Amino acid sequence: GTTEEDDVWKFAILRITQDGTLDNTFNNTGKLTVNMQNNSNGYTQANDAALQTDGKILVCGYSDVGGEDDDWAILRLNPDGTLDNTFDGDGRLIFGIINNTSEDEAMAMIYDTISHKITVAGDAHTKMGLVRLNPNGTLDNTFGNNGKVTAGIPNYSPKTRGLIQNNESIWVCGPAWYGLANS
């Protein structure tokens, strides 16, 4: 989710126990907000989360980095809710998938329990996008074009909303609006 605190937009994360109460072992309150841009007041939104086998928490979404430019935002937390500094140096990763002037939004993610790699799907301007990350947050250069894949549908503007994978394939799905893009 998203929250605004003191004019700064932040990712909002809750951890709830099986009985429906906040889990106080997570950030001492069961609640956490994270400024993805280190004190910038650009809009940010968390869209999906995944749990690693070691208990670390992955969260994906997007962050407004200025003007018309929204970039994918990936966060990794330790089980106690602290930022995982082994992931991109500070636990936060923000990057554009197409260029520096498009609206890119990470919408869904999967953690591979065998390779420990992270696959993220989302909107890449007028295309669907996929990114595969290594466990440390760097792009997996063995996947697609230097870790990134984009695909469009001619005359449609697809929006990514779902992601599944098995040992052989990755499926991405979402609505597509006719006539809004030339992909």
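Calculation criteria
Residues numbered from 1 in each chain as written. Predicted model: local features only at pLDDT ≥ 70, side-chain atom pairs only at ≥ 80, totals over all residues. Heavy atoms only, no water. pLDDT = per-residue confidence, 0-100. Helix = DSSP H or I, 4+ residues; strand = E, 2+ residues; numbered from the N terminus. Buried < 20%, exposed > 50% of the residue type's maximum accessible area, 1.4 Å probe, protein only. Pairing = 2+ DSSP bridges. Contact = heavy atoms within 4.5 Å. Core = buried A, V, L, I, M, F, W, Y, C linked by side-chain atoms within 4.5 Å. Axes fitted to C-alpha atoms, helices over the stretch in contact; angles between N-to-C directions. Patch = residues over 30% accessible without salt bridge, like charges linked within 9 Å, V, L, I, M, F, W, Y side chains within 5 Å. Areas by Shrake-Rupley, 256 points an atom, 1.4 Å probe, with all protein chains shown as cover. Salt bridge = Lys/Arg side-chain N within 4 Å of Asp/Glu carboxyl O.

Peer 1: Hey, could you go over the confidence of the model for the protein chain for me, with residue numbers and the actual values?
Peer 2: Keep in mind that low pLDDT regions are not for reading the predicted coordinates in detail. Averaged over every residue, the pLDDT of the protein chain is 86; residues scoring 70 or more account for 88%. Within the protein chain, strand S12 (residues 156-158) has the poorest average pLDDT of any element, 65, and strand S3 (residues 31-34) the best, 94.

Peer 1: An account of the pairing of strand S9 (residues 118-124) is requested, with residue identities and associated values reported.
Peer 2: When you tally the buried positions in S9, you get 7 out of 7 residues, the bulk of the element. Note: strand S8 (residues 104-111) against S9, 7 bridges, orientation antiparallel. Residue pairing across strands places Met-109 opposite Val-120, the latter belonging to S9. Counting the residues that bridge the hairpin from S8 to S9 gives 6 residues, and of these His-116 lies at a positive phi of roughly 65°. Where S9 and strand S10 (residues 127-133) come together, 7 bridges link them in antiparallel fashion. Bridging from a neighbouring strand, Val-120 pairs with Val-131 of S10. Hairpin geometry of S9 and S10 is characterised by an intervening segment of 2 residues between the two adjacent antiparallel strands and by a positive phi of about 60° at His-125.

Peer 1: Any details on the side chain of Glu-105? Residues and values, ideally.
Peer 2: Along the polypeptide, Glu-105 turns up in strand S8. Sequence-distant contacts of Glu-105, that is, excluding residues within four places in its chain, are made with Gly-61, Tyr-62, Asp-70, Trp-72, Gly-122 and Asp-123.

Peer 1: Report on the nonpolar core, specifying residues and quantitative values.
Peer 2: In this structure, Trp-72, Ile-74, Met-109, Ile-118, Val-120 and Leu-133 are the most contacted members of the largest nonpolar core, which totals 17 residues. For this core, the secondary structure elements donating two or more residues are strand S5 (57-66), strand S6 (69-77), strand S7 (92-95), S8, S9 and S10. Excluding anything up to four places from it in sequence, Val-120 contacts Cys-60, Trp-72, Ile-74, Ala-106, Ala-108, Met-109, Gly-129, Leu-130, Val-131 and Leu-163. Residues Phe-11, Phe-26, Val-34 and Ile-57 belong to the second largest nonpolar core, which totals 12 residues.

Peer 1: Could you give an account of the sheet that holds strand S11 (residues 148-151), with specific residues and numbers?
Peer 2: Spatially, S8-S9-S10-S11 is the arrangement adopted by the 4 strands of the open sheet, whose pairing is antiparallel. The open sheet is flanked by S8 and S11, the only strands paired with a single partner. For this sheet, the mean inter-axis angle between neighbouring strands, taken without regard to orientation, is 20°. Taken together, the 4 bridges between S10 and S11 define a ladder with antiparallel strand orientation. Bridge assignment links Leu-130 to a residue of S11, and that residue is Val-149.

Peer 1: Describe the sheet that holds strand S4 (residues 44-51), naming the residues involved and giving the relevant values.
Peer 2: Sheet strands pair via backbone hydrogen bonds, and the direction of the pair is either parallel or antiparallel. Spatial ordering of the open sheet is given by S4-S5-S6-S7, a layout of 4 strands whose pairing is antiparallel. With partners counted over all chains shown, the strands left at the sheet margins are S4 and S7, one partner each. Direction aside, neighbouring strands of the sheet carry axes that sit 20° apart on average.

Peer 1: Break down a nonpolar patch on the surface for me, citing the residues and quoting the values.
Peer 2: A cluster of nonpolar residues, Leu-14, Ile-16 and Leu-22, forms a patch on the protein surface that exposes about 270 Å² of accessible area. Looking at the element boundaries, Leu-22 is found in the loop between strand S2 (8-14) and S3. Judged by its relative accessible area of 34%, Leu-22 falls in the partly exposed class.

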